[in-house]
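One-letter residues, chain by chain:
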There are 2 protein chains.
Amino acid sequence: MACRHRHFIAAGLAFALGTGGASADDSIHRYRAEHERQILSDFRDFLSLPNVASSTPDMMANAAWIERYIAKRGFTSQIVAEGGAPYVIAERKQPGASQTILIYAHFDGQPAEPRNWSSPPFEPTLRDGPVELAGATINWESLTTINPEWRIFARSAGDDKAPVIALMAALDAMEAAGDVPSVNIKLILDGEEEAGSPTLDNILQKHADKLTADLMLFCDGPMHQSRMRQLVFGVRGTMTVDLTAYGPARPLHSGHYGGWAPNPSEQLMRLLASMKDDDGRIIIPGYLDDVHPPTAAEQQAISTLPNMDTALKDELFLSKTEGGGKRVEEISMGPSIIVKGFEGGGVGKQSRNIIMPSATASVNLRLAPGQTPERVIARLNQFFSDQGFTLYSKPPTPEERAVSSALYVDWRPGGYRAYRSDLGSAEAQKLVSILNRFDGKETLLTPTMGGSLPIYLFEDTFPKMPIIILPIANHDNNQHGRNENLRIQNLWDAIDVYAAVLLEYGKP
Amino acid sequence: MACRHRHFIAAGLAFALGTGGASADDSIHRYRAEHERQILSDFRDFLSLPNVASSTPDMMANAAWIERYIAKRGFTSQIVAEGGAPYVIAERKQPGASQTILIYAHFDGQPAEPRNWSSPPFEPTLRDGPVELAGATINWESLTTINPEWRIFARSAGDDKAPVIALMAALDAMEAAGDVPSVNIKLILDGEEEAGSPTLDNILQKHADKLTADLMLFCDGPMHQSRMRQLVFGVRGTMTVDLTAYGPARPLHSGHYGGWAPNPSEQLMRLLASMKDDDGRIIIPGYLDDVHPPTAAEQQAISTLPNMDTALKDELFLSKTEGGGKRVEEISMGPSIIVKGFEGGGVGKQSRNIIMPSATASVNLRLAPGQTPERVIARLNQFFSDQGFTLYSKPPTPEERAVSSALYVDWRPGGYRAYRSDLGSAEAQKLVSILNRFDGKETLLTPTMGGSLPIYLFEDTFPKMPIIILPIANHDNNQHGRNENLRIQNLWDAIDVYAAVLLEYGKP
């Protein structure tokens, strides 16, 4: 424990020097300071690889890059696949260690529309601040010192390529200092998380023996909006459904037929608008019946989290929020329905005076504990029927469309239920203790995050293994959107955090 | 009148031979039959020229093509512009003629999205039927006989490049037969009709002296769905407004913030859905107060038109119509509001799990007599305010968005009011008489079409000149949409009709 005292002092120095980040072992800090450009250069290389899960060649290139990168840190690995994108499964045995930590991260990203980005999504770009605050581009070639408030912009910078980089940098730093991890390390790196990890179930069935561990850390998701470190004990489930309504069999002139021909865009908008009230609360009959309310311990944990609602509203220039004034952490305890896309004709110069033959909306459903995909499908299908639609699980024929108001309900693959683990478990306490001790700063305990991770599959496969989420990305990383980014201080802090956990968790 | 008898016989023969079209002067028919390939080839050339009004170079190329083409038929012309797309103004004087007919057509087209078309919009393609009925492509190079049920597919095939071709073919046919028009002919060919003819007002102010006439024929719009010939005595007005609602200043993860951050797509859909009831009837308070109801004569005229609703529903594979069961001609007598486009995230593989910073809808308003653009703007702005939005006429700043629910209301230029002329005027009677006489078939008298033409400007400039619409395109021409087309029989019929009018209208 003696060495821990050094850390507290180092933490104080770090604050005095204004780096603003968490501190850790001096040697970790020193190594990072001396290798910042190399670490960023590795990250840049990794982010340069396009990584939409539907492109198998791209994902194989990413997996190969990872294998080369982690092999240098003593990992044995294999690329495995079950008909979808590849996964990387790896292990680094530590002589003498009796405990094993399994780490999850994913290396695929959401599809990106380059025209919406300020710099190409697969040409990592440094800026001295967020794009929204007119952050100026920093030239990679003329880097001297690196300001930790700068950000690196690329698809998957925030979600979720950074953990691999930070973890390997932590191992490099430990090795440079002559330290060793206190645990064996196993990795499962997912190449299709943004596509809903459709083959993860089969991957786990086939490779469970290589993934057994005493604790699983899910390294994904954003940190708390206060920038405080947090551990997260649950996720919402997620499902996506694409709904298509139908109008005339061919495009019709909006003048000659407007008001007479049913407009599929308007039909669909009416249906979507009827799912929630003006305040955004779900009003689909029975939909909330399956939801488990938060436990007393969870409610207590939320009440002790810093309330970021006002700051968030300011940062996002919001005049109001939905959900009846509940804070964002409370909203995340329940289900949400989000219309995330709509296709039914262009706007502005792309608009045409026609009534389209069809209109499609893409709807994301976030599930709370108690909801299952099967029940959600049943509830929603019933609701759509009650609104007067005849449902089809494949596009209806013109003849079917002529009979009644047809709705093509396309439940996208890869949806899954929520997950919650116990805030008070021994493993959680141990992890909290390590994190709070290494820099003297409190770790927030968040009952759930609003986002989704396929944790339930690990729960099914390894029912006794505690699963805790350890996020490292800045909350404002624009994940899934244009101009996704990682704040560099978050990468430096992640190196410290991973090093602390690997050094301490296996100690008696 | 003797020669007319020949025509009736020819008409009968045409039916007996199954061409299904109107017949006319033998000499006109013979000329057309001998020159079908040449006429189609000219049409193909004309349709090959891209013609979106916003591209001035493209529109100048179209105008130049027209000038060359009509000069061969004795027209003097000039290309004029008032800061927008070009117009072609032309005249063909007929020695001895005391009457003048002014003919309007337009040569620009709606924007086309090639990826939605079965063949490129500016590579005219012959098919043996509609795309929707799997019409097979006919090779241009191996044409021998031409089936009049074939169609030519290209942007503006139906709307509205055909009149220029048919009119010149009619003059060619008359000349070949040694006939001459009974009238002087003036042309105004509009290069920006699909953009709302924003500079037509100035064009008319400057060039009114070259456009005076005894009768104006508006050659645009589709024929009656029964394929019967019709004259149309009015149009609806048209306006377009683009509405943008706002959410967070940057894209947000739909999981972490779904249910808490206002979703601009959903806000906008709720607003749009609140404008009409489930049956598509406008329920905006006061919106219908300005509308003039149809006259008794107009109601009578509608009741005598063939009722095409059932056939149309069958053809379009519609299970129902909007508007409380009123027939399409009745609906066209009143105003309509059509959501024609929406931009707020992708669907299917393009969907991403985000809440967008903004969503935009494009809404087309069709105006009935009595409504003015100024009043419509006032009524709708009041409605949007009443729904809780603060309105902006330019995109609001983030600071403005933070104060209240902002709605950017972008009234697009070029909107205009409806037009109606007298069903019973002497000029109308004369025209009907010529048309009914030349092939013995009844001409339908339609009080208004649902679509819009900028006729009110001609009404303002030439208040005494009767203005009547003479459509030639098949009703199922997909105008404004993908796979726009003209049925070839409609082109042949147009040549007959124009020839009959030009030969007869100026006769005492």
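Residues numbered from 1 in each chain as written. Chains lettered and ligands numbered in written order. Predicted model: local features only at pLDDT ≥ 70, side-chain atom pairs only at ≥ 80, totals over all residues. Heavy atoms only, no water.

Chain A goes by Acetylornithine deacetylase/Succinyl-diaminopimelate desuccinylase in an unreviewed UniProt entry, where it is assigned to Kordiimonas lacus.

Right, let's get into the overall build of chain A. Helices and strands together make up the secondary structure of chain A, namely 15 helices and 21 strands. A compact globule built from 508 residues would reach a C-alpha radius of gyration of about 23 Å, and chain A, at 24 Å, matches this within 12%. For chain A, the C-alpha atoms occupy an extent of roughly 80 × 50 × 45 Å along the three principal directions. Out of the 508 residues in chain A, the part that is buried amounts to 63%. Long-range pairs, those at least 24 residues apart, make up 79% of the contacts in chain A between residues at least 6 apart in sequence. Carbon and sulfur atoms form 51% of the exposed surface of chain A, whose accessible area is close to 18,000 Å². (Helix = DSSP H or I, 4+ residues; strand = E, 2+ residues; numbered from the N terminus. Rg over C-alpha atoms; globule rule 2.2 N^0.38 Å. Buried < 20%, exposed > 50% of the residue type's maximum accessible area, 1.4 Å probe, protein only. Contact = heavy atoms within 4.5 Å. Areas by Shrake-Rupley, 256 points an atom, 1.4 Å probe, with all protein chains shown as cover.)

Mapped onto this numbering, the UniProt entry gives "domain: Peptidase M20 dimerisation" (unreviewed entry) at residues 234–386 of chain A. The span residues 234–386 of chain A is 32% helix and 22% strand, and its two end C-alpha atoms sit 33 Å from each other. (UniProt positions renumbered as here; feature names shortened; annotations may be inferred.)

The final tally for this structure, using the stated rule, is 52 salt bridges over all chains. The closest approach of N and O atoms between B:Arg151 and B:Asp476, which form a salt bridge, is 2.8 Å. With B:Arg151 in strand β6 (residues 151–153) and B:Asp476 in the loop between β20 (467–469) and β21 (485–487), this residue pair connects regions lying 325 residues apart in the sequence. Residues B:Arg379 and B:Asp290 are paired through a salt bridge, measuring 3.4 Å at the closest nitrogen-oxygen approach. With B:Arg379 in helix α11 (residues 373–386) and B:Asp290 in the loop between α7 (264–273) and α8 (296–304), this residue pair connects regions lying 89 residues apart in the sequence. On the basis of relative accessibility, which here comes to 17%, the residue B:Asp290 falls in the buried class. Three or more residues are tied together by salt bridges with common partners; here these are A:Glu113, A:Arg115 and B:Arg352. (Salt bridge = Lys/Arg side-chain N within 4 Å of Asp/Glu carboxyl O.)

Right, let's get into the interface of chain A and chain B. The interface is formed by 100 residues belonging to chain A together with 100 residues belonging to chain B. In total, about 8,600 Å² of surface goes out of reach between chain A and chain B, with carbon and sulfur atoms giving 54% of it. When the area that chain A buries against chain B is broken down by residue, the three leading residues are A:Arg250, A:Trp260 and A:Arg352, summing to 11%. Our count for the chain A to chain B interface comes out at ten salt bridges. For A:Arg270, the salt bridge is made with B:Asp278, and the minimal N-O distance between the two is 3.9 Å. (Buried area = accessible area lost by both parts, 1.4 Å probe.)

Glancing now at the sheet that holds strand β21 (residues 485–487) of chain A. All names here are of chain A. Strand order in the open sheet made by the four strands is β5-β4-β6-β21, with antiparallel pairing throughout. Each edge of the open sheet carries a strand with a single partner, namely β5 (137–138) and β21. Running at roughly 65 degrees to β21, helix α15 (residues 488–504) makes contact with β4 (125–127) and β21 of the sheet. (Pairing = 2+ DSSP bridges. Axes fitted to C-alpha atoms, helices over the stretch in contact; angles between N-to-C directions.)

Superposition of the two copies of the chain requires a rotation about an axis and a shift along the axis. Note on the identical chains: chain A maps onto chain B by a rotation of 180 degrees and an axial translation of 0.0 Å, with an RMSD of 0.1 Å. Read as a symmetry element, the transformation amounts to a two-fold axis. Using C-alpha coordinates, one finds that chain A approaches the rotation axis most closely at A:Met269, a distance of 2.7 Å. In this assembly, 100% of the residues forming the interface of chain A have copies in chain B that are likewise at the interface, indicating an isologous arrangement. (Least-squares fit on C-alpha atoms with pLDDT ≥ 70 in both.)

All names here are of chain A. Along its sequence, chain A is organised into domain 1 (2–235 + 418–504) and domain 2 (238–291 + 334–411). A separation of 37 Å is found between the C-alpha centroids of domain 1 and domain 2. Contact residues are listed per partner, giving five residues for domain 1 and five residues for domain 2. In this assembly, domain 1 packs against domain 2 so that about 410 Å² is buried in total across both faces, 53% of it on carbon and sulfur atoms. Taken as a group, Ala418, Arg420 and Ser452 account for 82% of the area that domain 1 buries against domain 2, more than any other trio of residues on that side. (Domains from an automatic or database assignment.)

The subject of this paragraph is the packing of aromatic side chains. Residues and elements named next belong to chain B. Across all of its chains, the model carries 17 aromatic pairs over all chains by this definition. When the centroid spacing of 4.1 Å and the interplanar angle of 25 degrees are considered together, the rings of Tyr104 and Phe218 count as stacked. Taken together, the positions of Tyr104 in strand β3 (residues 100–106) and Phe218 in strand β8 (residues 215–218) put the pair 114 residues apart, joining distant regions of the chain. You can call Phe218 buried: its relative accessible area is 0%. (Phe/Tyr/Trp six-rings, centres within 6.5 Å; stacked < 30°, edge-to-face > 60°.)

All names here are of chain B. Under the 1.5 Å per step criterion, the end-to-end length of α11 is 20 Å for 14 residues, consistent within 8% with the ideal 20 Å. Among all positions in α11, only Pro373, Val376, Leu380, Phe383 and Phe384 are buried. Considered in projection along α11, the buried side chains sweep an arc of 100 degrees and stay on one side of the axis. Residues Glu374 and Asp386 are exposed on α11 and point more than 90 degrees away from its buried face. Packed against the buried residues of α11 are β11 (237–246), α7, β15 (358–367), β16 (390–392) and β17 (406–411). A positive backbone phi angle near 100 degrees is found at Gly388, which sits one or two residues after α11. (Expected span 1.5 Å × (residues − 1). Arc of directions from axis to C-beta.)

As a further point, take the environment of A:Ser118. Residue and element names in this part refer to chain A. As for its placement among the helices and strands, Ser118 is situated in the loop between β3 (100–106) and β4. Through-space distance from the C-alpha of Ser118 to that of Val235 is 31 Å; in sequence the pair is 117 residues apart. The contact partners of Ser118, leaving out residues within four places of it in the chain, are Arg127, Val131 and Asn483.

Residues and elements named next belong to chain B. Where strand β1 (residues 76–80) and strand β2 (residues 87–92) come together, five bridges link them in antiparallel fashion. Paired with Gln78 across the two strands is Ile89, which belongs to β2. The antiparallel pairing of β1 with β2 creates a hairpin that spans six residues between the two strands, and Gly83 there sits at a positive phi of about 95 degrees.

This part takes up the environment of B:Gly506. All names here are of chain B. Note on placement: Gly506 falls in the segment after α15 (488–504). With relative accessibility at 17%, the residue Gly506 sits in the buried group. Taking the C-alpha atoms as reference points, Gly506 and Phe438, 68 residues apart in sequence, are found 15 Å from one another. Ignoring sequence-local partners within four residues, the contact set of Gly506 consists of Gln99, Ser182 and Val183.

What follows concerns the side chain of A:Asn490. Residues and elements named next belong to chain A. Here Asn490 is to be found in helix α15. Take Asn490: its relative accessible area is 3%, and that puts it in the buried class. Here Asn490 is in contact with Met223, Ile472, Ala473 and Asn474, once residues within four sequence places are set aside.

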